[in-house]
Number of protein chains: 2
Amino acid sequence: MSATDELLRNNARYAETFRAGGLQAPPALGVAVVACMDARLDVHRILGLEEGDAHVIRNAGGVITEDAIRSLVISQRLLGTREILLIHHTGCGMLGLREEEIKEDIRREVGIRPPFPLEAFEDLEEDVRRSVARVKDSPFIPHKESVRGFIYDVETGRLREVPAEA
Amino acid sequence: MSATDELLRNNARYAETFRAGGLQAPPALGVAVVACMDARLDVHRILGLEEGDAHVIRNAGGVITEDAIRSLVISQRLLGTREILLIHHTGCGMLGLREEEIKEDIRREVGIRPPFPLEAFEDLEEDVRRSVARVKDSPFIPHKESVRGFIYDVETGRLREVPAEA
């Protein structure tokens, strides 16, 4: 059995005891979270979120890309969220990743060089601040009063806030 | 107290009973999930995922954008995943969204038109198939043997697989 089939069996069990129907699309807490895709982060458990509470946007690194901006625009403008939490984490695979080498490996293998940045970074705190700045610099995001950046410690389960200035 | 502060209090409680330390970055199940950011989807509960099991990539709509491709490239090439699940859902805010009107509203308000597509769609099944096709068409993703698309029903908690052909 593939892992996908195993997950579908888990879903059948989830559906049997499902109680979260009748919820509306706008997040009850008015919050959007942007976090890394890392397998060790269960964003709902980390923040104590229930179904219906918050938008959760995730990508490699939890960085603010144009696609993250697109999602935040829809989150704030169409679905009424006002607060943003950005979550990076210790032990991230994007930390110190050799972007040029990887792109060159891919080009050698498939004949085309990826036309997008991999968004690797050298310093965790610095990249959280850069992501906060990208949100604040975007003209398309209306609500920037509460844009806060955090580092999640995968060994303790604890979030630490990254201060705005170094 | 802001919603963000409330979530930080929840995190302090999570950290007190945290038992998921010592996990490695490569996902234990070799799976990457791409899902919509919608607040009603707790991807871990829906699929019975534990910390460490799978990458979770999320954006508005759960569509395969260039950023989703970037995340999948890192997931497969650097962290060893082999299977991909795509999850859209009933009652999605991206369904039937008037993309041109919204972009025009934004332009009127902030003076700049968003230079990116909002990725709205008209038909749920069709868009799942389009996302599966975008993954399969990408030269940068090495493992395409198991790329399966699903629609999550927000009223029943159940996933339904979208067949490859209409």
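About the thresholds
Residues numbered from 1 in each chain as written. Chains lettered and ligands numbered in written order. Predicted model: local features only at pLDDT ≥ 70, side-chain atom pairs only at ≥ 80, totals over all residues. Heavy atoms only, no water. UniProt positions renumbered as here; feature names shortened; annotations may be inferred. 1 Å grid on protein atoms, 1.4 Å probe; cavity = no way out; pocket = protein on both sides within 12 Å on 5 of 7 lines; lining within 4 Å. Helix = DSSP H or I, 4+ residues; strand = E, 2+ residues; numbered from the N terminus. Contact = heavy atoms within 4.5 Å. Buried area = accessible area lost by both parts, 1.4 Å probe. Salt bridge = Lys/Arg side-chain N within 4 Å of Asp/Glu carboxyl O. Polar contact = N/O pair within 3.5 Å; in protein donor to acceptor, adjacent residues only side chain to side chain. Buried < 20%, exposed > 50% of the residue type's maximum accessible area, 1.4 Å probe, protein only. Pairing = 2+ DSSP bridges. Points joined across faces, edges and corners; volume = space filled by probe spheres on them. Nonpolar A, V, L, I, M, F, W, Y, C, P; charged D, E, K, R; others polar. Core = buried A, V, L, I, M, F, W, Y, C linked by side-chain atoms within 4.5 Å. Least-squares fit on C-alpha atoms with pLDDT ≥ 70 in both. Phe/Tyr/Trp six-rings, centres within 6.5 Å; stacked < 30°, edge-to-face > 60°.

Asker: Is there a simple way to explain the UniProt feature "binding site: Zn(2+)" (unreviewed entry) in chain A in this structure?
Answerer: In the numbering adopted here, UniProt assigns the feature "binding site: Zn(2+)" (unreviewed entry) to Cys 36, Asp 38, His 89 and Cys 92 of chain A. These annotated residues cover 57 residues of sequence, but their C-alpha atoms sit close together, with the largest distance between any two at 8.6 Å. Restricting the annotated residues to those that line the second largest cavity leaves Cys 36, Asp 38 and Cys 92 of chain A. Position of Asp 38 of chain A among the secondary structure elements: in the loop between β1 (31-36) and α2 (43-47). Residues contacting Asp 38 of chain A, with those up to four places away along its chain left out, are Arg 58 and His 89 of chain A together with Ala 25 and His 55 of chain B. Mapped onto the fold, Cys 92 of chain A is located in the loop between β3 (83-89) and α4 (99-110). In contact with Cys 92 of chain A, other than residues within four places in its own chain, are Cys 36, Gly 61 and Phe 121 of chain A.

Asker: How do you make sense of the interface of chain B and chain A when you look at a structure like this?
Answerer: By convention, interface size is frequently given as the accessible area that disappears when the constituent parts associate. With 85 residues of chain B at the contact, the number on the chain A side is 84 residues. Interface of chain B and chain A: buried area, both sides summed, is about 7300 Å²; carbon and sulfur atoms make up 61% of it. Applying the counting criterion to the chain B and chain A interface returns 8 salt bridges. For Arg 45 of chain A, the salt bridge is made with Glu 51 of chain B, and the minimal N-O distance between the two is 2.7 Å. Viewed at the interface, chain A and chain B are joined by 42 residue pairs in polar contact (both at pLDDT 80 or more). If you list the elements that add at least two residues to the side of chain B that touches chain A, you get α1 (3-16), α2 (43-47), β2 (54-59), α3 (66-79), β3 (83-89), α4 (99-110) and β4 (146-152) of chain B. For the side of chain B that touches chain A, the leading source of residues is α1 of chain B, giving 11 residues.

Asker: Even after reading the chapter, I still don't get the pairing of strand β4 (residues 146-152) of chain A, so can you show me in this structure?
Answerer: Remark: a regular strand shows side chains that alternate across the two faces of the sheet. Residues and elements named next belong to chain A. With 7 of its 7 residues buried, β4 lies for the most part within the structure. Residues of β4 alternate between two faces, with Ser 146, Arg 148, Phe 150 and Tyr 152 on one and Val 147, Gly 149 and Ile 151 on the opposite face, all of them buried. In this structure, β3 lies alongside β4, joined through 7 bridges in parallel fashion. Bridging across to β4, Ile 87 finds its partner in Phe 150. Looking at chain direction, β4 and strand β5 (residues 159-161) are connected through 3 bridges and run antiparallel. Note that in β5 the partner of Tyr 152 across the bridge is Leu 159.

Asker: Would you take a moment to explain the layout of surface pockets for this structure?
Answerer: Where empty space is left can be seen by rolling a probe of water-molecule size over the atoms. When its volume is computed, the largest pocket comes out at roughly 270 Å³. Forming the boundary of the largest pocket are 14 residues, of which Glu 66 and Asp 67 of chain A together with Thr 65, Glu 66 and Asp 67 of chain B lie nearest the centre. Counting residues per element, the ones that place at least two in the lining of the largest pocket are α3 (66-78) of chain A together with α3 of chain B. Partitioning the lining of the largest pocket into residue classes produces 4 nonpolar, 2 polar and 8 charged.

Asker: What's the story with the nonpolar core in this structure? I'm lost.
Answerer: For soluble globular proteins, nonpolar side chains are generally found buried alongside one another. Counting residues in each nonpolar core, the largest one holds 70 residues, and the members touching the most others are Ile 64 and Leu 72 of chain A together with Ile 64 and Leu 72 of chain B. The element best represented in this core is α3 of chain B, accounting for 6 residues. Among residues more than four places away in sequence, those in contact with Leu 72 of chain B are Ala 32, Val 34, Ile 57, Ile 64, Ile 84, Val 135 and Ile 141 of chain B. Formed by 22 residues, the second largest nonpolar core is a distinct cluster that contains Leu 8 and Tyr 14 of chain A together with Leu 41 and Val 43 of chain B.

Asker: I tried to follow the side chain of His 88 of chain A on my own but got confused; where do I start?
Answerer: Residue and element names in this part refer to chain A. For His 88, the location among the structural elements is in strand β3. Reaching out from His 88, the side chain makes a polar contact with the side chain of Asp 127 at a distance of 2.9 Å. In contact with His 88, other than residues within four places in its own chain, are Gly 61, Gly 62, Val 63, Phe 121, Leu 124, Asp 127, Val 128, Ser 131, Phe 150, Ile 151 and Tyr 152.

Asker: For this particular structure, what's the right way to read the relation of the copies chain B and chain A?
Answerer: Note on the chain copies: they are related by a rotation about an axis and a translation along it. After a rotation of 180 degrees and a shift along the axis of 0.0 Å, chain B superposes on chain A with an RMSD of 0.0 Å. In the structure described here, the two chain copies are related by an operation that fits a two-fold rotation axis. Residue Arg 58 of chain B of chain B places its C-alpha closer to the rotation axis than any other residue of that unit, at 2.3 Å. In this assembly the copies share their binding face: 99% of the residues contributing to the interface of chain B also contribute to that of chain A.

Asker: Mind showing me how you'd approach the packing of aromatic side chains here?
Answerer: Any pair of aromatic rings gets described here by the distance separating the centres and the angle formed by the planes. Under the definition given, this model contains 4 aromatic pairs over all chains. Between Tyr 14 of chain A and Phe 18 of chain A the ring centres are 5.6 Å apart and the planes differ by 65 degrees, which places this aromatic pair in the edge-to-face class. Residues Tyr 14 of chain A and Phe 18 of chain A agree in their burial class; the two are buried. Ring geometry for Phe 140 of chain A and Phe 116 of chain B: centres 5.8 Å apart, planes at 90 degrees, overall edge-to-face. In this pair, Phe 140 of chain A sits in the loop between α5 (124-137) and β4 while Phe 116 of chain B sits in the loop between α4 and α5 (124-137), so the two residues belong to two different chains. Exposure remark for Phe 116 of chain B: the relative accessible area of 5% places this residue in the buried category.

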